[in-house]
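# Descriptive structure summary
Here is what each chain is made of, one letter per residue.
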Amino acid sequence: MGPHPAVAAIRLAVRRVLHDLLTEHHTNTTRHAPARALPGAPSDPGAPPVPTPPTAVPPGAVPVEVRRGSSARPGAGRPGPAAPESPLVLVACSGGADSMALASALAFEAPKLGVRAGGITVDHGLQPGSDLRAEEVALRLRELGLDPVESVAVTVGREGGPEAAARDARYAALDAALERHGATAVLLGHTRDDQAETVLLGLARGSGIRSLSGMAAVSGADGRYRRPFLQLDRQTARKACMVQSLPVWDDPHNADPAYTRSRLRHEGLPALEKALGKGVVEALARTAQLSRDDADALDTWARQAEASVRDAAGRLECAKLYALPPAVRRRILRRAAIEAGAPAGSLFARHIEEIDRLITGWRGQGAINLPGRVVAQRQGGRLVIRQG
């Protein structure tokens, strides 16, 4: 008799991601492998020595506290020539049902595929006893057989609100852990329900199709973040934990109405399902994927069209921009504003609309002030975007 359907579902989702990572790892290893000398060929005494890569955390990484008790083990040298080391995959685990189900599936599937599996839990320090809870989560990860395992404490700032600040601190810690251990990827436990909530939040902000595309299955630098559960609902993950007798922790912040996502989860989505019927979550997740496909296509179009709307000096020509579809033109404008120094996170749809009016609704209006002290203005049929 096979595993419970919920357990089978989470394992299959993780197995697919691990297969993808293994394929990428072998491809990269083959591409960067040094050429072998022909038998009998003399070695080159003048060849420069191969530099040893540094093991320290790269400059710019956010300092975090790695608590004692970590089971992280440095890679031990092996005698004689050996095949490249198998990739290390980490799971980010809060102790909740989603991430515990993900950790259990990784611990089960990774050894079968020859993948090393570890875990990291982040203590945001926002609740009393959070440090003890983080150590409990780390202990559970070790009991699953994951290694290395770390409990990392971070300091959460205030920029962007409490939810955004906590997210920024968490991802900075995950980035640092990935670099510290030389890991290939970090698995995140976001489910289809999380995706639906993200789409609704984007819709409420009126941020456009890219915002409606939600979370990507693969994201981050070099595709370091993977989300195996985006096609699975939250209940499947919880059921998988229950049938495996995995203890889970329910973060009280997830039920606190002070947080926007919590209100959406416990009030907004149930109200939508009551009004529209079941299937709202699935429909929103499907909308995310369709929106992502469209947004990717438009981004590609905009990158290809940008060279055609610049003059010999690289300045944007208003007449040529006017001839483009609005969705393509506004992407070019956004890219130009970011290249001039406007922070991407502070550049909203209303800013791009104001720049767009310099092209589509020109009446001799003055310069447009953008975040990051960037100024956009029309001069002699050219659109100039620069630091003010």
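Residues numbered from 1 in each chain as written. Predicted model: local features only at pLDDT ≥ 70, side-chain atom pairs only at ≥ 80, totals over all residues. Heavy atoms only, no water.

### Describing the overall build of the protein chain
Helices and strands together make up the secondary structure of the protein chain, namely 12 helices and 11 strands. Look at the contacts in the protein chain between residues 6 or more apart in sequence, and 70% of them connect residues 24 or more apart. Looking at the protein chain as shown, the accessible area adds up to about 21,500 Å², and 55% of this sits on carbon and sulfur atoms. (Helix = DSSP H or I, 4+ residues; strand = E, 2+ residues; numbered from the N terminus. Contact = heavy atoms within 4.5 Å. Areas by Shrake-Rupley, 256 points an atom, 1.4 Å probe, with all protein chains shown as cover.)

### Quick word on the state of the cysteines
A full pass over the atoms with the stated rule returns 0 disulfides. Lacking any disulfide linkage, Cys241 is separated from the closest cysteine sulfur, that of Cys93, by 8.7 Å. Residue Cys241 is classed as buried on the basis of its relative accessible area of 2%. (Disulfide = S-S within 2.5 Å. Buried < 20%, exposed > 50% of the residue type's maximum accessible area, 1.4 Å probe, protein only.)

### A word on the pattern of salt bridges
By the definition in use, this model includes 27 salt bridges. In this structure, Asp311 engages Arg315 in a salt bridge whose closest nitrogen and oxygen atoms are separated by 3.0 Å. Assessed through its relative accessible area of 43%, Arg315 is described here as partly exposed. The salt bridge partner of Asp356 is Arg329, with a shortest N-O separation of 2.6 Å. A residue pair is termed long-range when its members are at least 10 positions apart, and Asp356 in helix 12 (residues 349–360) and Arg329 in helix 11 (residues 326–339) qualify at 27 residues. For the pair shown, Asp356 and Arg329 are each scored as buried. (Salt bridge = Lys/Arg side-chain N within 4 Å of Asp/Glu carboxyl O.)

### Overview of helix 2 (residues 97–113)
With 17 residues, helix 2 should cover 24 Å at 1.5 Å per step; its first-to-last C-alpha distance of 24 Å lies within 8% of that length. Within helix 2, 13 of the 17 residues are buried, leaving the element largely enclosed by the surrounding structure. (Expected span 1.5 Å × (residues − 1).)

### Re the packing of aromatic side chains
By the definition in use, this model includes 1 aromatic pair. Centroid distance Tyr171 to Tyr225: 5.1 Å. Interplanar angle 90°. Geometry classified as edge-to-face. In this pair, Tyr171 is assigned in helix 4 (residues 162–181) and Tyr225 in strand 7 (residues 225–226), connecting sequence segments 54 residues apart. Here the two residues Tyr171 and Tyr225 agree in accessibility, since each one is buried. Lying over the aromatic face of Phe108, Arg11 brings its terminal NZ or CZ to 3.5 Å of the ring centre. (Phe/Tyr/Trp six-rings, centres within 6.5 Å; stacked < 30°, edge-to-face > 60°. Lys NZ or Arg CZ within 6 Å of the ring centre and 35° of its normal.)

### Some words on the confidence of the model for the protein chain
Model confidence for the protein chain is summarised by a mean pLDDT of 86, while 86% of its residues fall at 70 or above. With pLDDT under 50 throughout, residues 37–64 is counted as low confidence; its partners more than four residues away or in other chains account for 9 contacts. Low confidence marks residues 68–83, where pLDDT is under 50. Its contacts with residues over four positions away, or in another chain, come to 18 contacts. (pLDDT = per-residue confidence, 0-100.)

### Description of the packing of helix 5 (residues 192–205) against helix 9 (residues 280–306)
Two numbers describe how helix 5 lies on helix 9: the axes approach to 8 Å, and their chain directions differ by 70°. Comparing their axes, helix 9 and helix 5 come out roughly perpendicular. Judged by the sense of rotation from one axis to the other, the crossing of helix 5 with helix 9 is left-handed. Residues Arg192, Asp193, Gln195, Ala196, Val199 and Leu200 of helix 5 form the contact with helix 9, whose own contacting residues are Val281, Glu282, Leu284, Ala285 and Ala288. Grouping the amino acids of the contact of helix 5 with helix 9 by side-chain chemistry returns 7 nonpolar, 1 polar and 3 charged. (Axes fitted to C-alpha atoms, helices over the stretch in contact; angles between N-to-C directions. Parallel < 35°, antiparallel > 145°, perpendicular 65-115°, else oblique. Left-handed = near helix turned anticlockwise from the far one by under 90°. Nonpolar A, V, L, I, M, F, W, Y, C, P; charged D, E, K, R; others polar.)

### As for the pairing of strand 3 (residues 116–123)
Most of strand 3 is tucked away: 7 of the 8 residues are buried. The pairing of strand 2 (residues 88–92) with strand 3 spans 5 bridges and is parallel. In the strand pairing of strand 3, Val89 is matched with Ala117. For the handedness criterion, the β-α-β arrangement of strand 2, helix 2 and strand 3 is classed as right-handed. As paired strands, strand 3 and strand 4 (residues 149–153) are joined by 5 bridges and run parallel to one another. Among the inter-strand pairings, Gly119 is bridged to a residue of strand 4, identified as Val149. Running through helix 3 (residues 130–143), the crossover from strand 3 to the neighbouring parallel element strand 4 is right-handed. (Pairing = 2+ DSSP bridges. Right-handed = clockwise from strand over helix to strand, strands pointing away.)

### Thoughts on the sheet that holds strand 10 (residues 374–379)
Here we have 4 strands laid out as an open sheet, ordered 8-11-10-9, and antiparallel in their pairing. In this open sheet, the two strands that pair with only one neighbour each are strand 8 (316–317) and strand 9 (368–370). In this sheet, strand 11 (residues 382–387) lies alongside strand 8 in antiparallel orientation, the contact comprising 2 bridges. Across the sheet, the residue bridging to Leu316 is Leu383, located in strand 11. The sheet strands contacting helix 11 are strand 8, strand 9, strand 10 and strand 11, and the helix crosses strand 11 at an angle near 35°.

### Brief notes about the pairing of strand 11
Two strands pair when backbone bridges link them, and strand 10 and strand 11 are joined in this way by 6 bridges, in the antiparallel orientation. Following the sheet pairing, Gln379 is matched in strand 11 by Arg382.

### Topic: the side chain of Thr121
Mapped onto the fold, Thr121 is located in strand 3. On the basis of relative accessible area, Thr121 is assigned to the buried category, the value being 2%. Setting aside anything within four residues of it in sequence, one finds Thr121 in contact with Cys93, Ser94, Ala134, Val137, Ala138, Glu150, Ser151 and Val152.

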